[in-house]
Amino acid sequence: MKKPNGNSIAMNILHLFYSTALASALNAGALIVLASYLKSSNYGMFSVALAFAMIMAYFTDAGLSKIVLREGSKEKADIPVVMSSYIKLRVILLIATFVVGFIIIQSLHSEDAMLLKTSYFLIIPFVIGVSMQSIASTYFQLVEKMQFSGIIRITSSILLVLSITLGMFFNWHPYIVYSAYGLSYLISGLMGIFLVLKYTKIPVRCSFHKGLFDQLLSFTVTGLLFVILPQLGPILLEKTVSLAEVGLFAVAYRIPQALLQLPFIVAGAFYPVLFRYYNSNHIEDHESLNMLQMKVMGLVGMAMTVPLYYFATPIIELLFGAEWVSAASLLKIISIVLFLQGITIALADGLTTRARQTQRMIVQSLAVVGAAIFYWTLSQSFGLIGAAWACILIEVVAFVGFWVVAPNRTFIGKRMIPFIIILLGSLVLCDVVFSSLPFLAAGVQYTIIGIYILLDKQLNQSLFSYLSKKGIIQRRSSERVEEGL
């Protein structure tokens with residue numbers, strides 16, 4: 001199997017890690033600045049508009065990026081033609097998204113003029129910018145040169161912080177701030193397209209790559225469901241609690257949501273390699289590599305959960321101020337999503353990369369239906385605490401569903417269920433035993449994570465192999481799992 005002339009998995013993870021870590025920190029800073037500048041009701045309104053913007057931004061892709069990775073990873077694939085076809089479809093989808101999206105927003109909020117204005121000022125530049133960023137990131141993921149995706153991501157975050165900071169300094173009207181928020185994505189998106197055109201020539205007139213339509217509906221629905229899930233909270237809570245409470249939930253939820261980009265780094269680096277293994281009929285190597293992905297994403301998620309779980313109150317006070325301290329209890333609960341979603345996404349990627357996208361779509365459909373029920377019923381009965389627990393239940397439903405439909409469910413269950421019980425159980429146990437000593441609790445939990453890595457044969461072999469070879473892994477027929485590491 002010939003490997004594309006790109007970076008190794010480890011090198012791509014490294015590039016994406018530092019860029020995403022920096023971008024996440026900057027995005028978190030932008031949210032802090034924005035929350036301190038806006039009133040809780042305005043921030044709640046912004047969160048609702050941003051939720052619609054995220055969903056509309058997805059519709060400009062409709063799952064095509066994953067299909068591009070699948071088609072481009074095949075032998076003798078003509079990547080420029082694939083990308084040209086991809087871009088043409090994205091332009092059509094962008095136009096359709098704006099037409100349908102604003103009709104829906106207008107019909108749902110026709111009596112709320114402020115929310116409508118917020119939506120227009122934010123959504124137009126945001127959706128166009130995210131669409132262009134997505135095209136560029138998909139190309140660099142396909143050719144496995146993800147340092148360029150990192151450059152785009154960092155640029156977007158820097159512009160975001162600068163625009164919001166300038167808005168505060170010059171006391172801009174909130175509508176102008178919303179526009180500046182969207183324009184930061186637009187400018188970095190233009191830069192991403194420039195980088196793509198610099199490294200490859202995209203033909204305008206060429207035959208259309210019809211492979212992009214293969215299983216398009218399944219990819220579209222699956223991607224849409226994935227995007228909708230994190231946006232359901234603000235959208236549904238706006239109907240069951242006050243806008244001020246929506247703002248509190250958004251503050252607590254945005255921190256884990258931003259940090260989720262870090263475990264997704266692992267997913268992005270593994271994705272093209274998993275496709276190559278399955279397309280080359282290396283099923284055992286695919287299963288082993290996917291298992292490694294689940295463990296790594298779960299461990300990265302747990303490493304980020306620990307500080308948010310044990311130090312939720314000081315983190316909220318430090319970042320947002322004492323007036324937002326009510327969000328601390330929500331943050332503690334929602335932080336567990338970092339651990340659970342890292343595992344579920346890797347498990348779902350295993351299905352996608354072995355041509356089981358329909359099963360993934362069915363499970364995610366059930367998760368979205370469950371999410372709507374959980375958010376609506378639990379928020380009405382238990383307020384924001386109920387909404388926070390809904391986040392956990394959604395991930396439980398997703399994990400169980402993906403596990404049940406996986407063809408290698410026994411292989412997964414024997415390894416991942418003990419993994420989850422050990423790490424999640426120790427997190428809660430340390431909280432109970434060392435309730436008044438959060439630093440000790442965090443230290444013990446990190447120690448448990450380290451011990452698990454050392455005792456797990458697959459993890460420590462991969463780690464030591466990478467360290468000893470300084471990131472340069474020679475491919476061996478018996479060790480294909482380490483090929484990209």
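Procedures and definitions
- By convention here, each chain's residues receive numbers from 1 onward along its written sequence.
- pLDDT decides what is reported in this predicted model: residues at 70 or higher carry local features, side-chain atom pairs at 80 or more are listed and counted, and totals for whole chains, interfaces and linings draw on all residues regardless.
- Just so you know, side-chain values use all the structure's heavy atoms and leave hydrogens and water out.
- Counting from the N terminus, the helices are the DSSP runs of H or I reaching at least four residues and the strands are the DSSP runs of E reaching at least two.
- Note that the radius of gyration is over C-alpha atoms, with the globule rule given as 2.2 Å times the number of residues to the power 0.38.
- Here a residue-residue contact requires only that any non-hydrogen atoms of the pair lie within 4.5 Å.
- Accessible areas in this description were obtained via Shrake-Rupley with a 1.4 Å probe; residue shielding takes into account the shown protein chains only.
- The charge count treats Lys and Arg as positive and Asp and Glu as negative. His and the chain ends do not count.
- In plain terms, the charge of a residue is placed at NZ if it is Lys, CZ if Arg, CG if Asp and CD if Glu.
- Salt-bridge detection follows one rule: a side-chain nitrogen of Lys or Arg within 4 Å of a carboxyl oxygen of Asp or Glu.
- Type-normalised accessible area, obtained with a 1.4 Å probe on protein chains alone, sets the label of each residue: buried when under 20%, exposed when over 50%, and partly exposed for intermediate values.
- Where each domain begins and ends is defined by an automated method or by a domain database.
- By definition, the buried area sums, over both parts, the 1.4 Å-probe accessible area that each loses when the two are put together.
- A cavity, in this analysis, means grid points on a 1 Å lattice covering only the protein atoms where a 1.4 Å probe fits yet has no way out; a pocket is instead an open set bounded by protein on both sides within 12 Å along at least five of seven lines, and a residue lines either one if it has an atom within 4 Å of a point.
- Grid points are joined across faces, edges and corners, and a volume is the space filled by probe spheres set on the points.
- For a helix, the expected span equals 1.5 Å multiplied by the residue count minus one.
- Under this definition, polar contacts are N or O atom pairs within 3.5 Å; protein pairs additionally need one hydrogen-donor-capable and one acceptor-capable atom, and for neighbouring residues in sequence, both atoms have to be side-chain atoms.
- Here the aromatic set is Phe, Tyr and Trp, taking the six-membered ring for Trp, and pairing holds for ring centres within 6.5 Å; pairs whose planes are under 30 degrees apart are stacked, those over 60 apart are edge-to-face, and all others are tilted.
- Criterion for a charge above a ring: Arg CZ or Lys NZ at most 6 Å from the ring centre, at most 35 degrees from the ring normal.
- Grouping into patches uses exposed residues only, defined as over 30% relative accessible area, and leaves out salt-bridged ones; the cut-off is 9 Å for like charges and 5 Å for nonpolar side chains (Val, Leu, Ile, Met, Phe, Trp, Tyr).
- For helices, the fitted line uses only the C-alpha atoms of the stretch in contact; every axis is such a line through C-alpha atoms, and the angle between N-to-C directions lies from 0 to 180 degrees.
- Geometric relationships in this document are graded by angle, where less than 35 degrees denotes roughly parallel, more than 145 denotes roughly antiparallel, 65 to 115 denotes roughly perpendicular, and other angles denote oblique.
- Crossing handedness is read from the near helix: turned anticlockwise from the far helix by less than a right angle, it gives a left-handed crossing, and turned clockwise, a right-handed one.

## Here we look at the overall build of the protein chain
Point 1. The number of helices and strands found in the protein chain is 18 helices and zero strands.
Point 2. Taken over the C-alpha trace, the protein chain has a radius of gyration of 22 Å; the compact-globule value for 485 residues is 23 Å, and the two agree within 12%.
Point 3. Its C-alpha atoms give the protein chain principal-axis dimensions of about 65 × 60 × 40 Å.
Point 4. For the protein chain, the share of sequence-separated contacts (at least 6 apart) that also reach a separation of at least 24 residues comes to 82%.
Point 5. Surface exposure of the protein chain reaches about 20,200 Å², of which carbon and sulfur atoms provide 69%.
Point 6. In the protein chain, which carries 33 positive and 22 negative side-chain charges, the distance between the mean positions of the two groups comes to 8 Å.

## Description of the pattern of salt bridges
Point 1. Following the criterion strictly, the structure yields seven salt bridges and no others.
Point 2. Between arginine 70 and glutamate 71 there is a salt bridge; the shortest N-O distance is 2.9 Å. For the pair formed by arginine 70 and glutamate 71, the shared burial category is buried.
Point 3. Measuring nitrogen to oxygen at the nearest pair gives 3.3 Å for the salt bridge that ties glutamate 287 to arginine 354.

## Focus: the domain arrangement of the protein chain
Point 1. Domain boundaries in the protein chain define domain 1 (1–217) and domain 2 (230–465).
Point 2. Between the C-alpha centres of domain 1 and domain 2 there is a distance of 23 Å.
Point 3. Facing the 37 residues of domain 1 at the interface are 34 residues of domain 2.
Point 4. Where domain 1 abuts domain 2, roughly 3,200 Å² becomes buried across the two surfaces, and 74% of that area is made up of carbon and sulfur atoms.
Point 5. Applying the counting rule to domain 1 against domain 2 returns zero salt bridges.

## Looking at empty space enclosed by the protein
Point 1. Overall, the coordinates contain two cavities of 30 Å³ or more when judged by the stated rule.
Point 2. If you add up the space inside the second largest cavity, you get close to 50 Å³.
Point 3. In this structure, the second largest cavity is lined by His286, Glu287, Asn290, Leu347, Gly350, Leu351, Arg354, Ala406, Asn408 and Ile412.
Point 4. Those elements giving two or more residues to the lining of the second largest cavity turn out to be helix 11 (283–310) and helix 14 (336–352).

## Focus: helix 5 (residues 113–142)
Point 1. A rise of 1.5 Å per residue sets the reference length of helix 5, with its 30 residues, at 44 Å; its end C-alpha atoms lie 43 Å apart and thus fit the reference within 8%.
Point 2. Of all 30 residues that make up helix 5, 21 are buried, and the element is covered over most of its length.
Point 3. After helix 5 finishes, the residue glutamate 144 shows a positive phi value of roughly 60°.

## Considering helix 14
Point 1. In this model helix 14 runs 25 Å from its N-terminal to its C-terminal C-alpha over 17 residues, within 8% of the 24 Å that 1.5 Å per residue would give.
Point 2. Of all 17 residues that make up helix 14, 17 are buried, and the element is covered over most of its length.

## Overview of the side chain of serine 119
Point 1. Residue position: serine 119 is located in helix 5.
Point 2. Polar side-chain contacts of serine 119 include one of 2.9 Å to the backbone oxygen of leucine 115.
Point 3. Those residues within four positions of serine 119 in sequence are excluded, and the remaining contacts are Ala49, Phe102, Ile105 and Ile124.

## Focus on the packing of aromatic side chains
Point 1. For the coordinates displayed, the defined rule picks out 21 aromatic pairs.
Point 2. Taking 5.2 Å as the distance between ring centres and 70° as the angle between the ring planes, the aromatic pair formed by tyrosine 139 and phenylalanine 140 counts as edge-to-face. Just as tyrosine 139 is buried, phenylalanine 140 falls in that class too.
Point 3. Three or more aromatic residues link up through ring pairs in this structure, and these residues are Phe46, Phe121, Phe126, Tyr175, Tyr178, Tyr181 and Tyr185.
Point 4. Stacked on the ring of tyrosine 309, the Lys or Arg lysine 332 has its end atom at 4.9 Å from the ring centre.

## Observations regarding a nonpolar patch on the surface
Point 1. On the surface, Val91, Ile95, Val99, Val100, Ile103, Ile104 and Leu108 cluster together into a nonpolar patch covering about 640 Å² of accessible area.
Point 2. In this structure, valine 91 sits in helix 4 (residues 79–108).
Point 3. For valine 91, a relative accessible area of 46% corresponds to the partly exposed category.

## Concerning the packing of helix 8 (residues 216–240) against helix 9 (residues 243–259)
Point 1. Running from amino to carboxyl end, helix 8 crosses helix 9 at an angle of 170°, the nearest separation of the two axes being 9 Å. When the axis of helix 8 is compared with that of helix 9, the two are roughly antiparallel. For the pair helix 8 and helix 9, the contacting residues are Pro230, Gln231, Gly233, Pro234, Leu237 and Glu238 in the first and Leu243, Val246, Phe249, Tyr253, Arg254 and Gln257 in the second.

## Quick notes on the packing of helix 3 (residues 64–72) against helix 4
Point 1. Direction vectors running N to C along helix 3 and helix 4 enclose 170°, while the axes themselves pass 10 Å from each other. Regarding the angle of helix 3 to helix 4, the classification is roughly antiparallel. For helix 3 against helix 4, the interelement crossing comes out right-handed. Residues Leu64, Ser65, Val68 and Gly72 of helix 3 lie in contact with helix 4, whose contacting residues are Ile79, Val82, Met83, Tyr86, Leu89, Arg90 and Leu93.

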